[in-house]
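Listed here are the chains, written in short residue letters.
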Amino acid sequence: MRKSNIIDIPRLPSQEDLFGIQNYQNALIKYIDMVESPMTIALQGEWGSGKTSLMNQLRFNLCESTDAHFYSIWINTWQFSLMQDANSGIIAILEAIITQIADLNKDKQRWESSKKVIGTVFKRMATAGTRVAAEMVGLDGEAVAESIFSDEEKAQANISKLTDEIQKLLADLMAQDTSKKGVLFFIDDLDRIDPPVAVSLLELLKNIFELPHCIFVLAIDYGVVIKGLKPKFGELTPANEREFRSFFDKLIQLPFSMPVTSYKVDTFLIKALQDISFFTAEELQDESLTADLSHISELTVGANPRALKRLMNTLALISIINDEGKQESQQDSESSEEEDEDEAYNKNLLEKKLHFALVCIQISFPRIYNLLLREPNFKSWDERLAQKEKLPTLSSEEVSRLNEFGEFDETWEQVLYRFCQQETYLSQNAFNLSNLLNLIAENIDNDEILGTKMSSLLAMSSVTNIKAEEDSSSKSNGRTVRRYKYNGKTYAWKNRLIADFLHDYLSDYPKTTYAQLLKVFKGDELWEERFVTMDEYKRIRARKNPVYGIKRTLDQNVVLECSDQKVILNTNIWEYEHFINRANELGYKIKEV
């Protein structure tokens, strides 16, 4: 049965292991089953890497299966942090942990007794009304406790009372079932709350729950700890890295990094693509196709399960849109020639592969995707685009070095490289992006139609694009709309303004030759192909990759009549301020309105 989406929820124990981490999972289960308590284990990985799914498997096998040796406590910290300040959120988490311990305890008399003491402690915490300030992060557990309880002299006494009552509850809990080894505390979504608060919570939990029979499994990344400790240690540098690491080691006895590099992404990809009917089972038998899909995925979304699921959901929608389009085209096909069956099959397969690649770019590199929306013919990217995007220039040494690499030896590839230097993540993936765009170009295999084909493909996937839109009253296509008044007319399109001004100038000075026109308007800021002769225009039009802004039909271009010859104006003008300034210098009044 066809699916329209892949649900982005953590993997349940009954679900198939599509990413192939069973060996790691089994090893962790055996380790925890044998470990001495107290113990804290951190599952590390970026958001969406599968930490919660792994915790689900651990909880089932260690706490819920037949003859399980542990009780389980599960806390989603993010839910407790919603609509609460830091102090209230931490108190609510502590209350939830203790309440879950009490719910497991059959001795309700013990709970009634402990509840009075614990309730008094929590009341003091709540009435203190002090938040866990960011500047307290990185101090010892007593300092964090003092921040919460607000009374330095009584803070440790209150913590001791809380710990004593928890220890009594745990002792009774262990006595009621001697087959149990302890309690597993699963603390999830720490990477979704404010990092200083996450670190403060961990410090407090360690100070309160460093007790026999307590094993904590945390979903947190070292990067969160680094962010949470910045108020204490400042930015991470080689000089203070040891301080950050020492603090982490104090909290965590066993860090476990999610084995994303070992994920069997191909297994997931093939099954998911077939489930959503983006590719058929027959198509996915093609090893060259699956190899390309795997390679594209590796260059972009990698092995992050959440990113892969979003990829599948976007492709599922595109597949449905395509199906709707096919139904319409079939209704009109009676008057069209029959297309060769094999040719149609290969064309359809190619388009789906290209959609797959573009959606991968959309998810992983949104700035590049949005650049492609603006400039789809990427093999025509040149200095014009670089200036338009205000990209950093390359030194001659940098150009020479890039020319040594196959990924950056063409002009458009060097523009891509410059664009990527604006952002650390893009810079780190510049080679991947070059490889991917070259792969797309090789598959289209026709530079003449590259821009048109890309525009068509992008129109389909852009419906799921996320892009911050500016106020439409002051922005157009992401750019500020500056209006100018000339000869009583208001212009929003600067190319029309410049064209009208140049026609007026040549009308006023009809003896102006092409050489004189260049002398009057040329400047350091003016592109060398802004004005071209008719002969140059014909050569440009015959190129495989025409100059951007030079249209293929003459009537779409602006033709200027110099005294000695006709001149073509490239109308994709980005140096309009240069023209406006020169116009005003020559006495042609152009004012911004």
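Structure first, text after, so check above.
Residues numbered from 1 in each chain as written. Predicted model: local features only at pLDDT ≥ 70, side-chain atom pairs only at ≥ 80, totals over all residues. Heavy atoms only, no water.

A.B. asks: Looking at this structure, how should I read unusual backbone geometry?
C.D. replies: With the exception of glycine, the majority of residues adopt a negative phi angle, and the majority of peptide bonds are in the trans configuration. With omega at 5 degrees, the peptide bond leading from Ser-37 into Pro-38 counts as cis. As for its position among the elements, Pro-38 is in the loop between helix H1 (22-34) and strand E1 (39-44). Here the phi dihedral of Lys-390 falls at roughly 55 degrees; this positive angle occurs in a residue that is not glycine. Along the chain, the position of Lys-390 falls in the loop between helix H16 (383-388) and helix H17 (396-402). (Helix = DSSP H or I, 4+ residues; strand = E, 2+ residues; numbered from the N terminus.)

A.B. asks: Just to check I follow, could you spell out helix H25 (residues 576-585) for this structure?
C.D. replies: Along an α-helix, residues three or four apart share an orientation, since each turn contains 3.6 residues. Of all the positions in H25, only Tyr-576, His-578, Phe-579, Ile-580 and Ala-583 are classed as buried. Against strand E8 (484-486), helix H22 (494-508), helix H23 (514-521), strand E10 (531-533) and strand E13 (590-592) lie the buried residues of H25. (Buried < 20%, exposed > 50% of the residue type's maximum accessible area, 1.4 Å probe, protein only. Contact = heavy atoms within 4.5 Å.)

A.B. asks: Would you mind going over the packing of aromatic side chains with me for this structure?
C.D. replies: Aromatic ring pairs are defined here through the distance separating the ring centres and the angle between the ring planes. What the rule picks out here adds up to 17 aromatic pairs. Here the aromatic rings of Phe-501 and Tyr-588 are separated by 5.2 Å at their centres, their planes lie at 70 degrees, and the arrangement is edge-to-face. Note that Phe-501 is positioned in helix H22 and Tyr-588 in the loop between H25 and E13, a separation of 87 residues in sequence. Classification of Phe-501 by relative accessible area gives buried; the value is 0%. What makes Tyr-588 buried here is its relative accessible area of 10%. Ring geometry for Phe-521 against Phe-579: centres 6.0 Å apart, planes inclined by 35 degrees, an arrangement best described as tilted. Residue Phe-521 is found in helix H23, and its partner Phe-579 is found in helix H25; the two are separated by 58 residues along the sequence. According to the relative accessible area criterion, Phe-521 is buried, its value standing at 0%. (Phe/Tyr/Trp six-rings, centres within 6.5 Å; stacked < 30°, edge-to-face > 60°.)

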